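Architecture and fold: a report
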Amino acid sequence: LPSAGKRRVPSRYASVAQTEVVPAAEAVGRVSSDSLAAYPPGIPNVLPGEEITAETVRFLTAVAASPTGYVRGAIDPLVTEIRVVREA
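Here we summarise the structure given alongside this text.

Calculation criteria
- Residues numbered from 1 in each chain as written.
- Predicted model: local features only at pLDDT ≥ 70, side-chain atom pairs only at ≥ 80, totals over all residues.
- Heavy atoms only, no water.
- Phe/Tyr/Trp six-rings, centres within 6.5 Å; stacked < 30°, edge-to-face > 60°.
- Helix = DSSP H or I, 4+ residues; strand = E, 2+ residues; numbered from the N terminus.
- Core = buried A, V, L, I, M, F, W, Y, C linked by side-chain atoms within 4.5 Å.
- Buried < 20%, exposed > 50% of the residue type's maximum accessible area, 1.4 Å probe, protein only.
- Contact = heavy atoms within 4.5 Å.
- Polar contact = N/O pair within 3.5 Å; in protein donor to acceptor, adjacent residues only side chain to side chain.
- Pairing = 2+ DSSP bridges.

Each aromatic ring pair is characterised by the separation of its centres together with the angle its planes make. What the rule picks out here adds up to 1 aromatic pair. Relative to tyrosine 70, the ring of tyrosine 39 lies with its centre 6.2 Å away and its plane at 40°, an arrangement referred to as tilted. Here tyrosine 70 lies in strand E4 (residues 70-72) and tyrosine 39 lies in strand E2 (residues 36-39), a separation of 31 residues in the sequence.

Let us look at the nonpolar core. As a rule of thumb, nonpolar side chains are buried together in soluble globular proteins. Of all hydrophobic cores here, the largest spans 15 residues; its most connected members are Ile52, Leu60, Val71 and Ile82. At the level of secondary structure, the elements contributing two or more residues to this core comprise helix H2 (24-27), E2, helix H3 (54-65) and strand E5 (81-85). Discounting chain neighbours no more than four positions away, the residues touching leucine 60 are Leu36, Ala38, Asn45, Val46, Val71 and Val79.

This brings us to the side chain of arginine 30. Tracing the chain through its elements places arginine 30 in the loop between H2 and E2. When its relative accessible area of 12% is taken as the criterion, arginine 30 is described as buried. Within the structure, the side chain of arginine 30 is placed 2.6 Å from the side chain of glutamate 20, a separation counted as a polar contact. At 3.2 Å, the side chain of arginine 30 forms a polar contact with the backbone oxygen of valine 85. Aside from chain neighbours lying at most four places away, what touches arginine 30 is Arg8, Glu20, Val22, Glu50, Glu51, Ile52, Val84, Val85, Arg86 and Glu87.

Alignment of E2 against strand E3 (residues 44-46), held across 2 bridges, turns out to be antiparallel. Paired with alanine 37 across the two strands is proline 44, which belongs to E3. Between E2 and the antiparallel strand that follows it, E3, lie 4 residues; glycine 42 among them carries a positive phi value of about 95°.

A word on unusual backbone geometry. Of note, the bond from tyrosine 39 into proline 40 is cis; its omega dihedral lies within 30 degrees of zero at -10°. Following the sequence through the fold, proline 40 ends up in the loop between E2 and E3. A cis amide bond, omega 10°, links proline 40 with the succeeding residue proline 41. Of note, valine 79 is a non-glycine position whose phi angle comes to about 55°, a positive value. Along the chain, valine 79 turns up in the loop between E4 and E5.

This is how it looks when you write it as structure tokens:
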């Protein structure tokens, strides 16, 4: 499993802040507004307020591309885009 990204803002703020949808590669270094959990195993890999890492994007897209993989909270089945907090 990938290491957790740095918490950059409180979860509550990230959950209600203005957001934008960006390509997964462009989400690296941005703050997630969603909770994303790869199944299996189903443990959240990204929580609202955490910085999205390249390692996490690679892991989530690999799981989504596998025949039995699924990423709960993703806005599309292949995790080609990720919802992030809009930068001021």
